[in-house]
Amino acid sequence: MNTPSPETSTAATVRIIASPQSWVEGEAVRQLEAVSRLPGMRLAVGLPDLHPGKGAPVGAAFESEGFLYPYLVGSDIGCGMGLWDVDLLTRKAKAERWAAKLDLEGPWEGDTKSVLTEHGARAAGFESALGTVGGGNHFAEVQRVEEVHDTRVFEALGLREERLLLLVHSGSRGLGEAILRKHVDRHAAGGLAADSDEAREYLKRHDGAVLWAKANRAMVAQRVLDGIGATGRRVLDVCHNSVTARHADGRMWWLHRKGAAPWDEGPVVIPGSRGALSYLVLPVGTGEQSAYSLAHGAGRKWTRTAARERLKERFTAESLTRTSFKSHVVCEDRDLLFEEAPPAYKAIDRVVTDLVEAGLVRVVATLAPVLTYKTRGRTAE
């Protein structure tokens, strides 16, 4: 639905891409409208996974002219998802054995410098965190193919229905947070004039963090593959938190994504909770209505505090280490186990259906969890 805010003092448009069957929290809408009133803002789009964030909503994309806003990107610059085709048949999966031994904590012992170089990234002082998943909603998940809906696209990606896949969701760890903190210490939530030296300096550090985060996902994937005794091939890797310059019709603007997958970089995976399917989708249409962005997941239904309070009355920690798909969950942080439990998230099938009905994607395949890795112990965001 298209919902212009009556209080908007600029020409910004507020658009929420969600059906009447989807529940979108009022606070998320309020935050979206507040962002639309920032100087230079032209478009604020809420996707079906829209939910409140720290000062700005998550599951949203914003277009601005003349100004860019680091706080809309947030602290986890470059956070995104990578998908790997695993050279291992699904019938040979040993989820219980893998869950018992897989450990991604602590620094990676491989050649971090060469992996950074391979991805065009540089050392930034946070290399001890390279190859680690991180906290919050980050994960590494071994998956199986549930159903193929578009055989042509599926096979064009080099995928096979009988083989496992690996989905990694992680970002720039402490690097992105340090970059945002430097900006906030001086400007709080304020923006930067796009032609200023400060904007250019932020963008240089931002772009470095995006590359660093991509390298980190590759290292996480390698650690998982080594742990399960397999090799893999990266199929795709997309970023969810970023700001990029766009050019069209003789004008330039800035596209901010906060928890939003790119519409314009080919197929993407939109994951559900650890107890739900993930969707491999192909973007279709023009992308203009959604600011060239897609939902990046199911989106939170409850806050972390609410999830802990509600679910500790209904489930034991042990019960949450298995899902309805009979998959295993590795999460030794008790609070995180409840905060990230499936009921805390919206229904992913509704989110994807909204995108399909909006003419933004076509479903290629659905993927089911086999093993979800969160953490071996308490970890920082």
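Located above this text is the structure these notes cover.
Only a predicted model underlies this, so the values are computations on that prediction, with no experimental measurement involved.

The helix and strand inventory of the chain stands at ten helices and 17 strands. In terms of its C-alpha atoms, the chain occupies a principal-axis envelope of roughly 60 × 45 × 45 Å. The buried share of the chain, taken over its 381 residues, is 59%. Accessible area of the chain: about 15800 Å², with a carbon and sulfur share of 49%.

Turning our attention to helix α1 (residues 26-36). Because an α-helix completes one turn every 3.6 residues, residues spaced three or four positions apart along the sequence face the same direction. Every buried residue of α1 is accounted for by Ala28, Gln31, Leu32, Glu33, Val35 and Ser36. Residues of α1 that are buried sit in contact with β1 (13-16), β2 (41-51), β3 (58-64) and α2 (70-73).

Once that is clear, we can look at the pairing of strand β17 (residues 361-375). Within β17, 14 of the 15 residues are buried, leaving the element largely enclosed by the surrounding structure. With eight bridges connecting them, strand β6 (residues 139-148) and β17 associate as antiparallel partners. Its bridge partner lying in β17, glutamine 143 is registered against proline 369. Relative to β17, strand β14 (residues 278-283) runs antiparallel, the two sharing six bridges. Its bridge partner being in β17, proline 283 is matched across the sheet by valine 361.

Analysis parameters
- Residues numbered from 1 in each chain as written.
- Predicted model: local features only at pLDDT ≥ 70, side-chain atom pairs only at ≥ 80, totals over all residues.
- Heavy atoms only, no water.
- Helix = DSSP H or I, 4+ residues; strand = E, 2+ residues; numbered from the N terminus.
- Buried < 20%, exposed > 50% of the residue type's maximum accessible area, 1.4 Å probe, protein only.
- Areas by Shrake-Rupley, 256 points an atom, 1.4 Å probe, with all protein chains shown as cover.
- Contact = heavy atoms within 4.5 Å.
- Pairing = 2+ DSSP bridges.

Treat this as a map of the structure, not an account of what it does.
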